[in-house]
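Descriptive structure summary
Below are the chains, spelled out letter by letter.
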Amino acid sequence: MSPIEYSAEIAELLGKVRRRPTAGWPWRPGEQVPDGLPVKQSWGWLFAPDGRVLTLVNPKDGICSLPGGSLEPEDTGDPAAALAREAAEEAQAVIGRPYYLGYLYDRVGSANGGHECARVRMAAALRSVGPSVADPASGRHYRRLLVAPGLAVELLGWGAPGLRQARTAVATAVRWLGVPAAANEAIEELPVGGCTVSPGAVYPGGGHLGGGHPGGGHPGGGHPGVWG
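Residues numbered from 1 in each chain as written. Predicted model: local features only at pLDDT ≥ 70, side-chain atom pairs only at ≥ 80, totals over all residues. Heavy atoms only, no water.

1. Describing the layout of surface pockets
Estimated volume of the largest pocket: approximately 880 Å³. Lining of the largest pocket is provided by 37 residues; of these, Arg 20, Gln 41, Trp 43, Ser 65 and Arg 119 occupy positions nearest its centre. Sorting the residues of the lining of the largest pocket by element identifies strand 2 (39–47), strand 4 (64–65), strand 5 (68–70), helix 2 (79–91), strand 8 (117–129) and helix 4 (159–176) as the ones contributing at least two each. If one sorts the elements of the lining of the largest pocket by residue count, helix 2 sits on top with 4 residues. Taken together, the residues that form the lining of the largest pocket break down as 14 nonpolar, 12 polar and 11 charged. (1 Å grid on protein atoms, 1.4 Å probe; cavity = no way out; pocket = protein on both sides within 12 Å on 5 of 7 lines; lining within 4 Å. Points joined across faces, edges and corners; volume = space filled by probe spheres on them. Helix = DSSP H or I, 4+ residues; strand = E, 2+ residues; numbered from the N terminus. Nonpolar A, V, L, I, M, F, W, Y, C, P; charged D, E, K, R; others polar.)

Right, here's the structure in full:
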């Protein structure tokens, strides 16, 4: 196996990574969010054409994350719109059409005031990133890395459940986004000034799944798992 390539600057950043304890939320791949279970968060596996995914690192505390966050009123209950908005705010990222992967069942409701809820996971093409700025909601100024999905799981500290989620994301991306099953394993930081990653259609936000149920179901056109 060839060594993973990365720069000295990235090596210094990775040396600060601090992994959070796993929450143990059950992963429900491909399942619709049940009626009555509110969707409170939406996070995304955003793929470059070579199979790597956008992973964010907060250099102040070493915490890594995928782009995403809580649904806000302007998202009108649509996890895809929330993902597009959060990706833009946190990473200045523009994405393609999101694909539904499944959800995590938050039994203790840490994202919902102590009441059970769903945390949706999606996959989309990473189209571009703009000049790097701080997230207006949190003030965090993330470093933006492209890493192989398995390496992302390691940085996130998600363990075996995270690998199962990554496999769902990769299988979806291989089928619908045309990325390779075996990703480039080099770790690369995206330019501070921004860049184009994969030219193509951009997701405008605001769409819903077929059937009017944000967080589950299949849209029209016969493509299971496609949002919009």
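2. Topic: the packing of aromatic side chains
Applying the stated criterion to the full structure yields 2 aromatic pairs. Ring centres 6.2 Å apart and planes at 75 degrees place the aromatic pair Trp 45 and Trp 158 in the edge-to-face group. Of this pair, Trp 45 sits in strand 2 while Trp 158 sits in the loop between helix 3 (149–156) and helix 4, and the two are 113 residues apart along the sequence. For Trp 158, a relative accessible area of 22% corresponds to the partly exposed category. (Phe/Tyr/Trp six-rings, centres within 6.5 Å; stacked < 30°, edge-to-face > 60°. Buried < 20%, exposed > 50% of the residue type's maximum accessible area, 1.4 Å probe, protein only.)

3. A few points about the confidence of the model for the protein chain
Scored by pLDDT, the protein chain comes out at a mean of 88, with 89% of its residues at no less than 70. Contacts from residues 206–228, a stretch scored under 50 in pLDDT, to residues over four places away or in other chains number 57 contacts. (pLDDT = per-residue confidence, 0-100. Contact = heavy atoms within 4.5 Å.)

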